[in-house]
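Residue-level structure breakdown
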Amino acid sequence: MKKDNKKVVYWLLTGCTLIFIMVIVGGITRLTHSGLSISNYKLISGTIPPMNNVEWEAAFDLYKQYPEYQKLNNQFTLQDFKDIYFWEWFHRVIGRFIGLVFLIPFLYFLITKQLSKPTIKKAMILLCLGAFQGFLGWYMVKSGLVDNPDVSHYRLAAHLTTAFITFAYTFWVALDLIFLNKKQINKSFRNLIRWGLAVLLLQIIYGAFVAGLDAGWIHNHWPMMSEGKFIHETVYTEQTPLFKNFIEGKSGVQFIHRILAFIVVGFIISIYLKSRKLKLSNNQSKGINYLLIMVGIQFSLGVLTILLQVPVWLGVAHQVGAFLLLSIMTFTLHRFSK
């Protein structure tokens, strides 16, 4: 049987699709403040939600024991609890399903010898990334169950960024199997794309910081942070060390996220302009053109998200835009790599 065949490619692309769906649901979970509704972790039995009033009351009673209910949501009814419970439960179920989709076909392909040695090694890395992602999910939730009724924005960023990296690597492995032809490599241009990807990942991390600190609900002006002020005075505070204002302060984090948006746009425009001096293949040209289009869309979504004070649909659209931009950047870099 042929190694690294189409079935293997479909398996990897299915994994990419599921991770994409999980990121969307994760965004909804965060924006609806549903992430702390399930305060325990049961790998098998937790797959089934409460099925009757007794089970719902028991789940609600458990929720009442933790800070989010005691400090923020003590006015909640059982129906309110059911509404937030759904998104967190759905998010966890998708995570379990992704684990099965990666593990079971991998074992089948391994036993039937349909994977080459390089692909086996890459698949093992994917499985480790998936397991680590699951651990980070619970590690993140755990941070909101002690004193502060909110998750750590650092752990949220780690959880989200690992999901994006897992997707990008899965997509890269699939591209390795789809495109077998050799290509001419311009190393300096490839390195420019790599730097663009690095800045984009940093921007994704800061997007998670903004979400984790609820920093999108302040400074809802653009291009100024407030009327007539490019840098809001609360970006700098004397109570904490200077650097902490830009990783823990709402104003500082939003400010860096805004600046990084311009830097990402600058990198992609630079990639586009330099590419016009090169002889490109059809896929290389498409990747760069789509990059330019998508960064324009994503930048616009970011501005609207700030101006409209983060409605759920727009916050999710902005996160999807980041996902698509990373996908195109990954494709483009792959087309300029060995």
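What counts and how
- Residues numbered from 1 in each chain as written.
- Predicted model: local features only at pLDDT ≥ 70, side-chain atom pairs only at ≥ 80, totals over all residues.
- Heavy atoms only, no water.
- Helix = DSSP H or I, 4+ residues; strand = E, 2+ residues; numbered from the N terminus.
- Rg over C-alpha atoms; globule rule 2.2 N^0.38 Å.
- Buried < 20%, exposed > 50% of the residue type's maximum accessible area, 1.4 Å probe, protein only.
- Areas by Shrake-Rupley, 256 points an atom, 1.4 Å probe, with all protein chains shown as cover.
- Lys, Arg positive; Asp, Glu negative; His and termini not counted.
- Charge placed at Lys NZ, Arg CZ, Asp CG, Glu CD.
- Axes fitted to C-alpha atoms, helices over the stretch in contact; angles between N-to-C directions.
- Parallel < 35°, antiparallel > 145°, perpendicular 65-115°, else oblique.
- Contact = heavy atoms within 4.5 Å.
- Nonpolar A, V, L, I, M, F, W, Y, C, P; charged D, E, K, R; others polar.
- 1 Å grid on protein atoms, 1.4 Å probe; cavity = no way out; pocket = protein on both sides within 12 Å on 5 of 7 lines; lining within 4 Å.
- Points joined across faces, edges and corners; volume = space filled by probe spheres on them.
- pLDDT = per-residue confidence, 0-100.

Per the secondary structure count, the protein chain includes 10 helices and zero strands. Reading the helices (α) and strands (β) of the protein chain from amino to carboxyl end gives α-α-α-α-α-α-α-α-α-α. A compact globule built from 338 residues should have a C-alpha radius of gyration of about 20 Å, and the protein chain, at 22 Å, falls within 12% of that. Principal-axis analysis of the C-alpha atoms gives the protein chain an extent of 65 × 60 × 30 Å. The buried share of the protein chain, taken over its 338 residues, is 48%. Carbon and sulfur atoms make up 67% of the accessible area of the protein chain, which amounts to about 17500 Å² in all. Positive and negative charge centroids in the protein chain, built from 33 and 16 side chains respectively, lie 24 Å apart.

Closest axis-to-axis distance for the helix 2 (residues 53-63)/helix 4 (residues 78-111) pair is 10 Å, and the angle between their directions is 85°. Considered as vectors, helix 2 and helix 4 are oriented roughly perpendicular to each other. Together, Asn53, Trp56, Glu57, Ala59, Phe60 and Tyr63 of helix 2 and Leu78, Phe81, Lys82, Ile84 and Tyr85 of helix 4 make up the contact between the two elements. Per-class residue counts for the contact of helix 2 with helix 4 are eight nonpolar, one polar and two charged.

Our next topic: the layout of surface pockets. Empty pockets left among the atoms are what a rolling probe the size of a water molecule brings to light. The computed volume of the second largest pocket comes to approximately 340 Å³. Taken together, 19 residues form the lining of the second largest pocket, with Ile38, Asn40, Lys42, Ala59 and Tyr85 sitting closest to its centre. Elements with a contribution of two residues or more to the lining of the second largest pocket: helix 2 and helix 4. For the lining of the second largest pocket, the per-class residue count stands at 10 nonpolar, five polar and four charged.

Here the focus is the confidence of the model for the protein chain. Across the protein chain, the average pLDDT comes to 90, with 97% of residues at or above 70. Taken element by element, the protein chain is modelled with least confidence in helix 3 (residues 67-72), mean pLDDT 87, and with most confidence in helix 9 (residues 282-307), mean pLDDT 96.

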